[in-house]
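# A closer look at the structure
Spelled out from the first residue to the last, the chains are:
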Amino acid sequence: MGFSISRLRPALQKQKTKHMRKENKIGIVPPQYSGKEIRSEATIQLNSPSEAKTFFETAKQRLLDVNNWNKIAGAITAQFSVIDEKGNEVTRIVKQNDHLRVNIPGPGSKEGKGYDWVQVEELKEINESFFQSVGFRVRPCSNPFSDKNETAHFYSQDATSSFIVSRDNTQVSSVIIDRNLKLNTDSASLVDKVRDVMIGVTAIGGLSKIQWQGLADGLVAK
């Protein structure tokens, strides 16, 4: 009897779908429909549910304290600042509708006044007996300090990044999922067009994966 990989595909797909349903139980990760997808994750095994619950709170605080991501991520090179709805830089944990100002190495966005910008469009949390999860999703947006409605980011507005920390009984895990990554080619400025393509290609080519893996590891580091 011959072996056929096609017989494995339904089972593998079912297993993958089941995993995604659990990790995305809070429902913030959008479907992948075009462009590139980048995924980074890390897991730590604790000795008991009570220890895992305590550590989950630590990981949750790290996740939501976006201003200090560069301190826990090791190799991460971008610096993030939380900007509230009034345009003020704040030191609190991130909230829905906040903007994140991203300072990456290299040339900044002219429209973004030297920065890339994303907005927190959804933030959710669930708490159950054996499962807890918190996460938020961001999307490239315009510079909130500009009158122009122009995406100030090297990715297009189709792209999203979802950041999630979860506890499944005695395991605490982190996952970062970039989906629908496409270059921003709509900038009015020729300088920004060239810059967005250059930075975007580098990010999709591997830099984003390196940075997000450093953050994923740092969120659940003992």
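Our structure's up above, just so we're on the same page.
The structure displayed is predicted, hence computed values, not measured ones.

A word on the overall build of the chain. Counting its secondary structure elements, the chain contains four helices and eight strands. Reading the chain from its N terminus to its C terminus gives the helix and strand order α-β-α-α-β-β-β-β-β-β-β-α. Within the chain, residue pairs in contact and separated by at least 24 positions form 65% of the contacts whose partners lie at least 6 positions apart. Surface summary for the chain: the accessible area is close to 11,400 Å², and the carbon and sulfur share equals 53%.

It is worth spelling out the side chain of Asp 116 at this point. By the secondary structure assignment, Asp 116 is in strand S5 (residues 116–127). By relative accessible area, which is 1% here, Asp 116 ends up buried. Within the structure, Asp 116 has its side chain in polar contact with the backbone nitrogen of Phe 154 (distance 3.2 Å). Those residues within four positions of Asp 116 in sequence are excluded, and the remaining contacts are Leu 100, Arg 101, Val 102, Ile 104, Ser 109, Ala 152, His 153, Phe 154 and Arg 195.

Within the largest apolar cluster, 42 residues are counted, with the highest numbers of intra-cluster contacts made by Leu 63, Trp 69, Leu 100, Phe 136, Phe 163 and Val 172. Here this core takes seven residues from helix H4 (residues 190–219), the largest share from any one element. Ile 26, Val 29, Ile 164 and Ile 177 belong to the second largest nonpolar core, which has six residues in total.

Now for the pattern of salt bridges. Applying the stated criterion across every chain, the model contains 15 salt bridges. Put simply, Arg 139 and Glu 121 hold a salt bridge, and the shortest N to O gap is 2.9 Å. Placement of Arg 139 in strand S6 (residues 131–140) and of Glu 121 in strand S5 is noted, with a sequence separation of 18 residues between them. Glu 121 sits in the partly exposed class, given a relative accessible area of 28%. Of the charged contacts in the structure, one is a salt bridge between Lys 124 and Glu 122, with a shortest N-O distance of 3.2 Å. Accessibility expressed as a relative area gives 33% for Lys 124, which makes it partly exposed.

This next bit is on H4. The end-to-end C-alpha distance of H4 is 38 Å, clearly below the 44 Å that 30 residues give at a rise of 1.5 Å each. Of all the bends found along H4, the most pronounced is centred on Ile 204 and spans about 65°. Between the side-chain oxygen of the N-cap and the backbone nitrogen of Val 191 there are 3.2 Å, and the N-cap of H4 in question is Ser 189.

Mapped onto the elements of the fold, Ser 81 is located in strand S2 (residues 79–83). With residues up to four places along the chain from it excluded, the contact list for Ser 81 reads Asn 67, Glu 89, His 99, Leu 100 and Arg 101.

By the definition in use, this model includes nine aromatic pairs. Within the aromatic cluster, the residues linked to one another by ring pairs are Trp 69, Phe 80, Phe 136, Phe 163 and Trp 212. Just above the ring of Tyr 115 sits the side chain of Arg 101; from NZ or CZ to the centre is 4.7 Å.

This paragraph deals with the sheet that holds strand S8 (residues 171–181). Note on sheets: strands pair through backbone hydrogen bonds, and any given pair is parallel or antiparallel. A sheet is described by the order of its strands in space; here eight strands give the open sequence S1-S8-S7-S6-S5-S4-S2-S3, paired in antiparallel fashion. Every interior strand has two partners, whereas the edge strands, strand S1 (36–45) and strand S3 (89–90), have only one. With four bridges connecting them, strand S4 (residues 99–103) and S5 associate as antiparallel partners. Paired with Arg 101 across the two strands is Trp 117, which belongs to S5. Against the sheet, H4 makes contact with S1, S2, S5, strand S7 (160–168) and S8, and its axis sits at roughly 10° relative to S1, the strand it touches most.

With respect to the helices and strands, the residue Leu 63 is situated in helix H2 (residues 49–64). Contacts of Leu 63, omitting those with residues within four sequence positions, involve Trp 69, Val 134, Gly 135, Phe 136, Phe 163, Ile 164, Val 165 and Leu 219.

Further remarks concern the pairing of S2. The element S2 is extensively covered by neighbouring structure, given that four of its five residues are classed as buried. Summarising the sheet, S2 and S3 pair through two bridges and their orientation is antiparallel. Across the sheet, the residue bridging to Val 82 is Val 90, located in S3. As consecutive antiparallel partners, S2 and S3 are separated by five residues, and within that stretch Gly 87 has a phi angle of approximately 90°, a positive value.

Looking at where Thr 43 falls in the secondary structure, it is placed in strand S1. On a C-alpha basis, the gap between Thr 43 and Val 172 in space is 5.8 Å, while along the polypeptide they are 129 residues apart. Ignoring anything within four residues of it in the chain, the contact list for Thr 43 reads Gln 171, Val 172, Ser 173 and Val 220.

Quick notes on the rules
Residue indices follow the written sequence of each chain, beginning from 1 at its first position. For this predicted model, a pLDDT threshold of at least 70 governs which residues receive local features, and a threshold of 80 or more governs which side-chain atom pairs are given and counted, while totals over whole chains, interfaces and linings are taken from all residues. The side-chain values count all of the structure's non-hydrogen atoms but skip hydrogen atoms and water molecules. A helix here means a DSSP run of H or I that spans at least four residues, while a strand means a run of E at least two residues long, and both kinds are numbered starting from the N terminus. Any two residues whose heavy atoms approach within 4.5 Å are treated as being in contact. To be clear on the numbers: accessible area is Shrake-Rupley with a 1.4 Å probe, and residue cover counts the displayed protein chains and nothing else. A 1.4 Å probe rolled over the protein chains alone gives each residue an accessible area, and that area as a share of the maximum for its type sets the label: buried under 20%, exposed over 50%, partly exposed in between. Polar contacts, as used here, are pairs of N or O atoms within 3.5 Å; protein pairs need one atom able to donate a hydrogen and one able to accept it. Residues neighboring in sequence count only if both atoms are side-chain atoms. The set of buried Ala, Val, Leu, Ile, Met, Phe, Trp, Tyr and Cys residues whose side-chain atoms join them within 4.5 Å is what this entry labels a nonpolar core. Any carboxyl oxygen of Asp or Glu that lies within 4 Å of a side-chain nitrogen of Lys or Arg is treated as forming a salt bridge with it. Expected helix span is computed as 1.5 Å times (number of residues minus one). Think of it this way: the bend at a residue is just the angle between two axes, each fitted to seven residues, one set ending at that residue and the other starting at it. Put simply, two rings from Phe, Tyr or Trp (the six-membered ring, in Trp's case) pair if the centres are within 6.5 Å, and we call them stacked under 30 degrees between planes, edge-to-face over 60, tilted for the rest. For a lysine, the NZ atom is tested; for an arginine, the CZ atom; a charge sits over a ring if that atom is within 6 Å of the ring centre and within 35 degrees of the ring normal. Strands are labelled as partners when DSSP assigns at least two bridges between them. To obtain an axis, a line is fitted to C-alpha atoms, over the contacting stretch when the element is a helix, and the angle between two such axes runs from 0 to 180 degrees between their N-to-C directions.

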